[in-house]
Amino acid sequence: RLKDCLCMRDCYCTVNLDQEEVFRTKTLEKSLCPFYGEDFYCEIPRSFRHLSFYIFDRDVFRRDSSIGKVAVKKEDLQKYHGKDHWFPLQPVCADSEVQGKVHLELRLSEVITDSGGVCHKLCQDLPIVNNQCDPYAAVSLLGPSRSEAKKTKVKRKNNNPQFDEVFFFEVTKPLSYTKRQFDVEEDDVDKLALKVDLWNASNLKFGDEFLGEVRVPLKVLGQSGVHDAWYFLQPRDNGNKSVKADELGSLRLNIVYTEDHVFPTEHYNPLRDLLLQSAHLEPVSASAAHILGEVCREKQEAAVPLVRLFLHYGKIVPFLSAIAHAEISRTQDPNTIFRGNSLTSKCIDETMKLAGMHYLRVTLKPIIDEICTDHKPCEIDPVKLKESENLDTNRVSLNAQGRNRFGLKNFKKRWFRLTNHEFTYHKTKGEGALCSIPIENILAVERLEEESFKMKNMFQVIQPERALYIQANNCVEARDWIDILTKVSQCNRKRLSTYHPSAFLNGHWLCCKLSADTAPGCTPCTGGLPANIQLDVDGDRETERIYSLYSTYMAKLVKMQEACGSKSVYDGPEQEEYSTFVIDDPQETYKTLRLVISAVQTLEQQHMQYKRDKFRKTKYGSQ
């Protein structure tokens, strides 16, 4: 909902990890209450501080202006998990758009110069501004009648700069000063603070761009006179001004955020073994997997990790067969078979998504995209043809053709297209291919280290004679390209087992320093496994998710135990509070429940011990 104004707006919304856009909705025209109704799911491949949503307005000249934003801190995401919520839009201000962290070392020195030393060491995860990041820092001491400011050197094309520069500031110089006496009044120290501003050196007429600031009161030096810590960059004091609720409008979001803390594989052996036995346990309703479906509020939340786990260990077919057979035997009306909200129907749906989605994307998505973009007539039913259409013309599909050579260093924006036969790039969407790589010529697809070209989100498509270096728009898109290209090329006979993670520049490989451009790779490839669904699944992670579900619904597990006891002792009408559970064999079900609860409690204790150890060992200010 946007604030009422005299004209309608053409709006779209972006999803950002900090300031990096990872998704964009379609543009809805001429509306003050646009409804997007779009779902976006992704694995988050890096750390972040804010999940942000920006609303943009596109004018008649195709220029985009920001209307407002919603920024949710990472630690607050759990509060809104799985709920529809209206968020008030906040203004977008350059002074509030910050990300990254900075490492500082402060030292109060008792020397003849009466100086306190500040070592500005390094920064990490600074944003890319206008496709470049040339940062420098301005350091100043704030306090009564103090305004000294000193600058570091500019670090060109580097969003993880290492400055290692030391600045000295005079803290105090009492009239009664002697070499043996270093007197800093406590009140004076409390009034002083060190300020570090990060800037992006820009050639634009508007000046340098603000990247963030840190203010550190000198009282942190304490008795030791030394302080060494990491700090998150913060917005300017005037950069976080909020507006009244609904002054700019509001945005309704449903955010689902899951964070898994996964132990080494041996921790999950008892629970995983219980789950994998489900396909062969009689009756299947007494199995650990079926019990999970019984206690979860939504069958879908149980189906997703179960299907992925059974796929990973090659037991999905016997598991689906067992639970489907059990559902058929319980069904009284054949018209409702597999149509209810059952664990069986949800598991079948999830299996079809996982096993079929990749195939559909590779085979149909490029064609459908072309049809939607070019509005080409595709009707092949002679009865429905319009007078201006021709049946043979509608059956024709376009084949891209072009050159077969790539340059290594000439980066230009290109439109990429992938089919199950070739990987091509074009000057613009709809034009002929500038280059075509047959899928059988792709030897490996791997990430390219940032140091190669000082550019983020890069990956390489390795061919027999050369590698094609590509920069994606964001970290999620880079991951998606690597995954899909790896999948379609996994059956190639000449796939590499090693590769070079950095580029060949200035006569040598940056990674291993070998001078021969044909030198074998120095790092094992990450995508050399056979082509199957297992590549996308981490069995330990899925077991951890299942543990989390069991832990969440522990009260229901205990209630189901009580139901088993009641049913085995009293063979009459079920008590109402137990009637929701499917229990075919009370004794076998009780036995499984006891083992599940024991395994869950053991993992719970291990998680608590890990948190205690981490809390005890974590140093404030450490990275």
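Named according to an unreviewed UniProt entry, the protein is RAS p21 protein activator 3 originating from Cyprinus carpio.

Caption draft 1: Seen up close, the overall build of the protein. Looking only at helices and strands, one finds 11 helices and 25 strands in the protein. For the protein, the proportion of its 623 residues judged to be buried stands at 42%. Of the contacts made within the protein by residues no fewer than 6 positions apart, 63% connect residues no fewer than 24 positions apart. As displayed, the protein has an accessible area near 36,200 Å², and 51% of this comes from carbon and sulfur atoms.

Caption draft 2: Spatial organisation of the sheet that holds strand S17 (residues 422-426). Strand order in this open sheet of three strands is S16-S17-S18, and the pairing throughout is antiparallel. The open sheet has two edge strands, strand S16 (415-418) and strand S18 (433-438), and neither has a second partner. Adjacent strand axes in the sheet meet at a mean angle of 15°, parallel and antiparallel pairs treated alike. Pairing geometry for S17 and S18, over five bridges, is antiparallel. Counted as the bridge partner of Glu422 is Pro438 from S18. This element, helix H8 (residues 475-488), spans S16 and S17 of the sheet and lies at about 35° to S16.

Caption draft 3: Molecular detail of the pattern of salt bridges. A full pass over the atoms with the stated rule returns 20 salt bridges. Note that Arg215 is salt-bridged to Glu213, the shortest N-O span being 3.1 Å. Arg215 gets classed as partly exposed once you look at its relative accessible area, which sits at 40%. Note that Arg545 is salt-bridged to Asp260, the shortest N-O span being 2.9 Å. Of this pair, Arg545 sits in helix H9 (residues 539-552) while Asp260 sits in the loop between strand S15 (250-254) and helix H2 (269-276); the two residues are 285 residues apart in sequence, bridging distant segments of the chain. With relative accessibility at 18%, the residue Arg545 sits in the buried group. In this structure, a network of salt bridges that share partners links the residues Glu43, Asp260, Arg541 and Arg545.

Caption draft 4: Just the nonpolar core, in detail. Counting 48 residues, the largest nonpolar core has Leu275, Leu292, Leu306, Phe319, Cys347, Tyr550 and Leu557 as its most contacted members. If you list the elements that add at least two residues to this core, you get H2, helix H3 (288-295), helix H4 (299-312), helix H5 (316-330), helix H6 (343-374), H9, helix H10 (554-569) and helix H11 (586-617). Of the residues forming this core, the biggest block, seven residues, is contributed by H4. Once you skip the residues sitting within four places of it in the chain, Tyr550 turns out to touch Leu271, Leu275, Ala288, Ala289, Leu292, Leu557, Val596 and Val600.

So, how was this worked out
Position labels on residues start from 1 in each chain and follow its written sequence. Restriction of local features to residues with pLDDT of at least 70 applies here, the model being predicted, together with a cutoff of 80 or more for giving and counting side-chain atom pairs; totals for whole chains, interfaces and linings are based on all residues. Processing note: side-chain calculations cover all non-hydrogen atoms of the structure and skip hydrogens and water entirely. Every helix listed is a DSSP run of H or I at least four residues long, and every strand listed is a run of E at least two residues long, numbered separately from the N terminus. Each residue gets one of three labels from its accessible area relative to the maximum for its type: buried under 20%, exposed over 50%, partly exposed in between, using a 1.4 Å probe on protein chains only. Contact definition: two residues touch when any of their heavy atoms are within 4.5 Å. Surface accessibility follows the Shrake-Rupley procedure with a 1.4 Å probe radius. Residue values consider only the protein chains on display as shielding. Pairing between strands requires that DSSP locate at least two bridges from one strand to the other. Axis definition: a line fitted to C-alpha atoms, over the contacting stretch in the case of helices. Angles run 0 to 180 degrees between N-to-C directions. Put simply, a salt bridge is a Lys or Arg side-chain nitrogen that is within 4 Å of an Asp or Glu carboxyl oxygen. By nonpolar core is meant a set of buried Ala, Val, Leu, Ile, Met, Phe, Trp, Tyr and Cys residues that side-chain atoms within 4.5 Å join together.

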